[in-house]
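Close look at the chain arrangement
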Amino acid sequence: MSNQVWMVTFRIFRKKGNLKPYFEDFQMEVKPGEYLLEAVERIWAFKDRSLTFAHACHHSTCGACGMRVNGKEKLTCITLIKDVVDDDGTVKVEPLRNFPVVSDLVVDMGNLFLNLESVGHHPVISVVEEPYQDGIAAGKGSEADYIRLSDCIECGMCISACPVATTTSTYLGPAALAGAMQASLNPDNGVLKLVDCADGVWRCHSAYECSEVCPSYVEPGRKIMQLRRKVMAERIKSIFRSNN
Amino acid sequence: MSTDTNKPAPSHWWKWFDPRKSDVGNWAFILNRITAIGLTVYLFVHLVVLYQLSQGPEAYNSFLELAKHPFIVLGELLVVVAAIYHGLNGIRVGLTTFSDTSSVQKAIFYVIALVAIVGSLIFAVRMFTA
């Protein structure tokens, strides 16, 4: 194991209450092979106990530690410091975009969970149970259809990366639309009508930033396009139904 | 809990053009927005030019003289470039929407970018050598 040590400046976004946000620099010796979350934890432990950040599992399962690192969404528990340090020895760490900042690096993701629930996706159901909730057991969809979105860890990074979500707060967003795609495997729940609106499946402009940053390879962008095709097919079918 | 003073940066339209993200799909999106705005502005300019037709032959001929100015020709070339790119990106979006080609959207972008560059060069040569 390398004993190499780097002196790195961590430029951390700070915001408390309604005070004006600012960036605070923390210089620290780190090993380049350390994960960024470990450095943030050490800043909290040894430099500033008022630093607020979210974390839990440390192995990219809980989705709590998503942040913007040098402007890009990263799960900091699996982001090596050596991969993100700029040439001048600096790493800029900010909270996710498109969510209200609660404090420092912590954002309020309540809307994400509400949107996921509104389309019939169950954020807290276990990976084992999800395929059998109301899909495969009812003969709707295959296990492969379900398992991919079960990988979604609700980290919110897709919404932070989405350039459309940046400009409208009413957009359902990539995570919820990917959830809707999975929920639509059950054709009886009306989710296709729910997403067939300006703030739903049609708001996406195919930038695919969501798919780029998704740490679980859910491919929300692709899911949105699949959902569009389903919505269009449903519309065409409804024309013939109404003529009968 | 969200408060009015603790909202995310909402509705900053200029963030459409945020260049910090350099992934291919986002560049396609940014270019799409820029060319859309350019073509919309051109539409109004075009209507003004058409209006010249109703002002008699002299007004129209004087405009035609102005249109030969290299800056105007450059502007027309930019319109052509924008139209080519915007149209081709529309095909890319249509392809990824109507078929399961999202996984190759980057490759599609590279192809349309190449076609747009070659097409623009052909127009540039023809316009500046005419």
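Residues numbered from 1 in each chain as written. Chains lettered and ligands numbered in written order. Predicted model: local features only at pLDDT ≥ 70, side-chain atom pairs only at ≥ 80, totals over all residues.

A word on the overall build of chain B
Counting its regular elements, chain B contains four helices and zero strands. Start at the N end of chain B and walk to the C end: the helices and strands fall as α-α-α-α. Across the 130 residues of chain B, 15% fall into the buried class. Intrachain contacts of chain B at a sequence separation of at least 6 include 62% that bridge at least 24 residues. (Helix = DSSP H or I, 4+ residues; strand = E, 2+ residues; numbered from the N terminus. Buried ≥ 20, exposed ≤ 12 C-beta atoms within 10 Å, placed from the backbone. Contact = placed C-beta atoms within 7 Å.)

Looking at the sheet that holds strand β1 (residues 6-14) of chain A
All names here are of chain A. Read from one edge of the open sheet, five strands run β2-β1-β5-β3-β4, paired in mixed fashion. Each edge of the sheet is formed by a strand with only one pairing partner; in this case those strands are β2 (22-30) and β4 (72-75). For this sheet the average axis-to-axis angle between neighbouring strands, irrespective of direction, equals 35°. In the sheet, β1 pairs with β2 via nine bridges, with the strands oriented antiparallel. Residue Ile12 lies in a different strand from β2, and its bridge partner there is Glu24. (Pairing = 2+ DSSP bridges. Axes fitted to C-alpha atoms, helices over the stretch in contact; angles between N-to-C directions.)

Overview of unusual backbone geometry
All names here are of chain A. Although it is not a glycine, Glu154 sits at a positive phi angle of roughly 50°. Tracing the backbone shows Glu154 in the loop between α4 (143-150) and α5 (157-161). For Tyr217, which is not glycine, the phi torsion reads 60° and is therefore positive. By the C-beta count within 10 Å, which is 9 here, Tyr217 ends up exposed.

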